Amino acid sequence: MRLEKRAQSSTLALVLAPIAAVLVTLLVSALLVLWAGAAVAQTYGLLLQGGFGSVFALTETLTRAIPLMFTGLAATVAFKARLFNIGGEGQLYVGALAAVAVGGLHGGSGFALPPYVLFVLMMLAAALAGALLLLGPALMKARLGVDEVVTTLLLNFIVLLLVSLMLDGPMKDPSAMGWPQSVALMGELELSKLIPQTRVHTGLLWACALSVGLWALMKYTVLGFDIRAVGANARAAAFAGVPVTRTMVLVAMLSGALAGLAGAIEVAGRTSYLTLDMSPGYGYSGIVIAMLAALHPLGVVAASVFVAGVLVGADSMSRAVGVPTYIADVIVATSLIAVLVATLLTQYRVRLK
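Here we summarise the structure given alongside this text. Source: prediction; values computed, not measured.

**Side note on the pattern of salt bridges**
Applying the stated criterion across every chain yields a total of 6 salt bridges. Linking glutamate 4 and arginine 349 is a salt bridge whose minimum nitrogen-to-oxygen distance equals 3.5 Å. Of this pair, glutamate 4 sits in strand β1 (residues 2-5) while arginine 349 sits in strand β2 (residues 348-351), and the two are 345 residues apart along the sequence. Residue classification places arginine 349 among the partly exposed positions, given a relative accessible area of 27%. Two residues, glutamate 4 and arginine 351, come together in a salt bridge whose shortest N-O distance is 3.5 Å. Placement of glutamate 4 in strand β1 and of arginine 351 in strand β2 is noted, with a sequence separation of 347 residues between them. Beyond isolated ion pairs, a larger network of salt bridges with shared partners links Arg2, Glu4, Arg349 and Arg351.

Structure representation (structure tokens):
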């Protein structure tokens, strides 16, 4: 069996590929639901209702989707240039750490600066921290050929140890009764709620605006062309005059900044302080989001809402029918594999020898 490149992908195949991927995902997950001894239709109904069936469910889904959008965009822009950034989790945490370090100085009052100035500085610090964390691996890849998958992945663990050190040391909240957490931000530095008495906040608007902005950058600017050219073939791009190293540096700064902002937005919008368990793996999930969105910035929004809805819905579904919440991870992982295989088959045909 071998794969043969198609001369051209048909429009019908491109339309049917995601539909087929969804059907395969539902089929595989249904087998696991039956294995758990639950009714498939009831389980899927409760999953959908738990994620989207009420105002509360929808707002919880959107709240969970916000950091996924940021990390998904971070992975998208990096993967477009074939910079395989696996360090979104570390960049998220270092961004949150920088945001709290700036916004939480002197017991949360900063340097007695006006709140709007302190808020801007807090976000800039988070973006810069995330960008600098990815800059090193990007330069090592461009100059020395070091595999960025390894360096960015290992940096995640280093950052978590740094965060643990800071939360148990100089940044520890003295009023937290020994619990390792940072000082809470002032109320003026927190993001406002989009819907009263819910947790969904204006970080959602930030994420949507950045999705549109990144789409426009990739489609209509010289930098966007350079990113796509480097991603398609770095050697050919260099031969054509594209500054490969500069493009990789800019991509790393942009990707790291987006992941760093995810941490700052999560602190300012949801938790108001930093803890080691603030993220249940948003940085890693951003990779899944980017692939489900086919590396399209606007698709990241839809993919984030889908994944967040599955994760939120699985909690209520599990309580009702007794199916483990891990079924949500299976659905997300299976959908990723199915989408990748379906996309592959739109570009290649299988030939049997």
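After presenting the structure, the write-up continues.
**Regarding a nonpolar patch on the surface**
On the surface, a cluster of nonpolar side chains totalling about 800 Å² of accessible area is made up of Met1, Leu3, Ile337, Val341, Leu344, Leu345, Val350 and Leu352. Residue contributions to the nonpolar patch peak at 4 residues, all from helix α14 (residues 327-347). Residue position: leucine 345 is located in helix α14.

**Description of the packing of helix α9 (residues 222-232) against helix α11 (residues 244-271)**
Orientation of α9 relative to α11, taken along the N-to-C sense of each, is 105°, at an axis distance of 10 Å. Relative to α11, α9 is oriented roughly perpendicular. The residues of α11 that touch α9, namely those facing Leu223, Asp226, Ile227 and Val230, are Val244, Thr247, Met248, Leu250 and Val251. Per-class residue counts for the contact of α9 with α11 are 7 nonpolar, 1 polar and 1 charged.

Conventions and cut-offs
Residues numbered from 1 in each chain as written. Predicted model: local features only at pLDDT ≥ 70, side-chain atom pairs only at ≥ 80, totals over all residues. Heavy atoms only, no water. Salt bridge = Lys/Arg side-chain N within 4 Å of Asp/Glu carboxyl O. Helix = DSSP H or I, 4+ residues; strand = E, 2+ residues; numbered from the N terminus. Buried < 20%, exposed > 50% of the residue type's maximum accessible area, 1.4 Å probe, protein only. Patch = residues over 30% accessible without salt bridge, like charges linked within 9 Å, V, L, I, M, F, W, Y side chains within 5 Å. Areas by Shrake-Rupley, 256 points an atom, 1.4 Å probe, with all protein chains shown as cover. Axes fitted to C-alpha atoms, helices over the stretch in contact; angles between N-to-C directions. Parallel < 35°, antiparallel > 145°, perpendicular 65-115°, else oblique. Contact = heavy atoms within 4.5 Å. Nonpolar A, V, L, I, M, F, W, Y, C, P; charged D, E, K, R; others polar.

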